[in-house]
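Descriptive structure summary
Letter by letter, the chains look like this.
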Amino acid sequence: MRDQHGEGADGEGASGVLTIDLGALRQNYRALRERADPADVAAVVKANAYGLDALRVAPILYEAGCRNFFVAHLSEARPLQGCLSRDARIFVLNGLQPGGECAAADDGIVPVLNSLEQARNWAAVASNAGRELPAVLQFDTGMSRLGLSESEMAQLIADPSLVRGIDILFVMSHLASADEPDSLQNTEQLERMEKLAAAFPSSSICFANSGGIFLSPAYHGVLVRPGIALYGGAPSSAKPNPMQPVVRLDVAVVQTRTVQSGARVGYSGTYTANRETSLATIAAGYADGLPRSLSDKGAAYYDGVRLPIVGRVSMDSMTVDISALPPGTLSLGSFVEIIGPNQTLDMLAADAGTISYEILTSLGRRYRRCYVDPVIADSHSTRSK
Ligand SMILES: *Cc1c(COP(=O)(O)O)cnc(C)c1O
């Protein structure tokens, strides 16, 4: 039951509390389904579901109707199989490293084939096994990262035996600038994707990430692959964020002090107080995923009041200016908000000069994690009536 309480402060001596709202996750999945309809919606749960714990996140999405899950590496696929029913398909975005193919085939894991070499290896395993093996065929439409090049595509069209024994479930590509709706790169990639679709008329298209879902239905294909939007990050940099926030982060106060004008704060003394200043040292630093680039830049919040970060962010702590609060408001054991109603994930990322993805995947293991599920909480309260 303790898991059902999302409040920051608790009696367990945690340095920070990362609250993950599984209800908001579910709502985001449903909202994306509505937006993408009639396309189906997969979930990208790579990097441990962007740091939120794939084994907690994936079953919630499965319950909400998700049957297709994407991870980056084969090593991420197996643990996921353990927490999902057998009708869930798990795709490996980076494809397989040499030697991983047989195990993947045995486990029914579906690789994304990013090169003719990966395709050949998979076809050889299919041939040895004497059965068809499923795969996704990825093409590079302009990102130069993963996928078959145009010349490899021409080779494949000239010689379809290259993928003999492979059941191509989807033809796939990835958008480089989907979070920028006005970028011409989107339309260029869409044109290439449309050519691909014409070259593989019997294949289904898998194209859009979170940003792509909000570009236009032309990008949706048959299956969309959101990650960040599920976890509450803004899918588009140009528009207000339509997703529900999933993550809240509260960090404990370790110590407060008042310093005189001229006092220097933190490593290298980058900040000098220009008046009497009240400070609080809080128990999270760059080893907890709050980048050093927030030094003298970002802020924490308390009761809606902005508390600027002063001085360098340390490994395990940082210092905030709490002069705007009435004296004595904060003390050892109080919690301040780092991500929450006053400061979104995207605002924090912008102050750090990075993106929500990097913040989420860096939050680390030192916070107490609190998974809140209003559905379970409701069913508890109904039962107790
Ligand atoms: C990470 C990733 C996604 C998910 O992207 P979001 O921007 O988080 O929605 C989709 N497709 C591929 C190929 C990816 O690498």
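Residues numbered from 1 in each chain as written. Predicted model: local features only at pLDDT ≥ 70, side-chain atom pairs only at ≥ 80, totals over all residues. Heavy atoms only, no water.

Some remarks on the pairing of strand 14 (residues 277-282)
Of all six residues making up strand 14, five are buried, and the element is well covered by its neighbours. The pairing of strand 11 (residues 247-259) with strand 14 spans six bridges and is classified as antiparallel. Note on strand 14: the bridge partner recorded for T256 is A280. In this sheet, strand 17 (residues 318-321) lies alongside strand 14 in antiparallel orientation, the contact comprising four bridges. Looking at the pairing, T281 lines up with T319 of strand 17. (Buried < 20%, exposed > 50% of the residue type's maximum accessible area, 1.4 Å probe, protein only. Helix = DSSP H or I, 4+ residues; strand = E, 2+ residues; numbered from the N terminus. Pairing = 2+ DSSP bridges.)

Structural notes on helix 6 (residues 116-129)
Here helix 6 spans 20 Å end to end across 14 residues, near enough to the 20 Å set by a 1.5 Å rise per residue. Buried residues of helix 6: L116, Q118, A119, W122, A123, V125 and A126, and no others. Here the buried face of helix 6 lies against helix 5 (101-107), strand 6 (110-113), strand 7 (133-138), helix 7 (150-158) and strand 8 (166-172). G130 lies just past helix 6 and shows a positive phi near 65°. (Expected span 1.5 Å × (residues − 1). Contact = heavy atoms within 4.5 Å.)

Quick notes on the site of the ligand
What surrounds the ligand is a group of 14 residues, the closest being K46, Y50, S210, G227 and Y357. Taking Y50, its side chain carries an N or O atom lying 2.5 Å from an oxygen atom of the ligand. Between N209 and the ligand, the recorded distance is 3.0 Å, taken from a side-chain N or O atom to an oxygen atom. Bound to the protein, the ligand loses 94% of the 380 Å² it would expose on its own. Tallied by class, the residues present in the shell around the ligand amount to seven nonpolar, four polar and three charged. (Near = heavy atom within 4 Å. Polar contact = N/O pair within 3.5 Å; in protein donor to acceptor, adjacent residues only side chain to side chain. Areas by Shrake-Rupley, 256 points an atom, 1.4 Å probe, with all protein chains shown as cover. Nonpolar A, V, L, I, M, F, W, Y, C, P; charged D, E, K, R; others polar.)

Concerning unusual backbone geometry
With an omega dihedral of 10°, the bond running from D37 to P38 counts as a cis peptide bond. Examined against the element boundaries, P38 turns out to sit in the loop between helix 1 (22-36) and strand 2 (40-41). Of note, N48 is a non-glycine position whose phi angle comes to about 55°, a positive value. Topologically, N48 is positioned in helix 2 (residues 46-50). Owing to a relative accessible area of 33%, N48 belongs among the partly exposed residues under this scheme. Backbone geometry at D53 places phi at a positive 90°, although glycine is not the residue there. Along the chain, the position of D53 falls in the loop between helix 2 and helix 3 (54-63).

Concerning the packing of aromatic side chains
Per the counting criterion, the structure on display carries six aromatic pairs. Taken together, a centroid distance of 5.4 Å and an interplanar angle of 40° make the contact between F139 and F200 tilted. Residue F139 is found in the loop between strand 7 and helix 7, and its partner F200 is found in the loop between helix 8 (184-199) and strand 9 (204-206); the two are separated by 61 residues along the sequence. Each member of the pair, F139 together with F200, is buried. Linked through ring pairs, Y50, Y231 and Y357 together constitute an aromatic cluster. A cation sits over an aromatic face here: R225 above F70, 6.0 Å from the ring centre. (Phe/Tyr/Trp six-rings, centres within 6.5 Å; stacked < 30°, edge-to-face > 60°. Lys NZ or Arg CZ within 6 Å of the ring centre and 35° of its normal.)

Quick notes on the environment of E150
The topology assignment puts E150 in helix 7. Residues E150 and R192 lie 42 residues apart in sequence; the distance between their C-alpha atoms is 9.6 Å.

Regarding the confidence of the model for the protein chain
The predicted model of the protein chain averages 94 in pLDDT, with 95% of residues at 70 or higher. Here residues 1-9 scores under 50 on pLDDT; set against residues more than four positions off or in separate chains, the count is 22 contacts. (pLDDT = per-residue confidence, 0-100.)

Some thoughts on the side chain of Q118
Position of Q118 relative to the elements: it lies in helix 6. A residue is classified by how much of its surface remains accessible, and Q118, at 16% relative accessible area, is buried. For Q118, the side chain forms a polar contact with the main-chain nitrogen of N114, separated by 2.8 Å. Sequence-distant contacts of Q118, that is, excluding residues within four places in its chain, are made with N94, G95, L96, V112 and L113.

What about the packing of helix 1 against helix 3?
It is the contact of helix 1 with helix 3, at a shortest axis distance of 10 Å, that shows an interaxial angle of 45°. If you check the angle between helix 1 and helix 3, you find them oblique. Helix 3 is crossed by helix 1, and the crossing has right-handed handedness. Each of L22, L25, R26 and Y29 in helix 1 lies in contact with helix 3, whose residues at this interface are R56, V57, I60, L61 and E63. For the contact of helix 1 with helix 3, the per-class residue count stands at six nonpolar, no polar and three charged. (Axes fitted to C-alpha atoms, helices over the stretch in contact; angles between N-to-C directions. Parallel < 35°, antiparallel > 145°, perpendicular 65-115°, else oblique. Left-handed = near helix turned anticlockwise from the far one by under 90°.)

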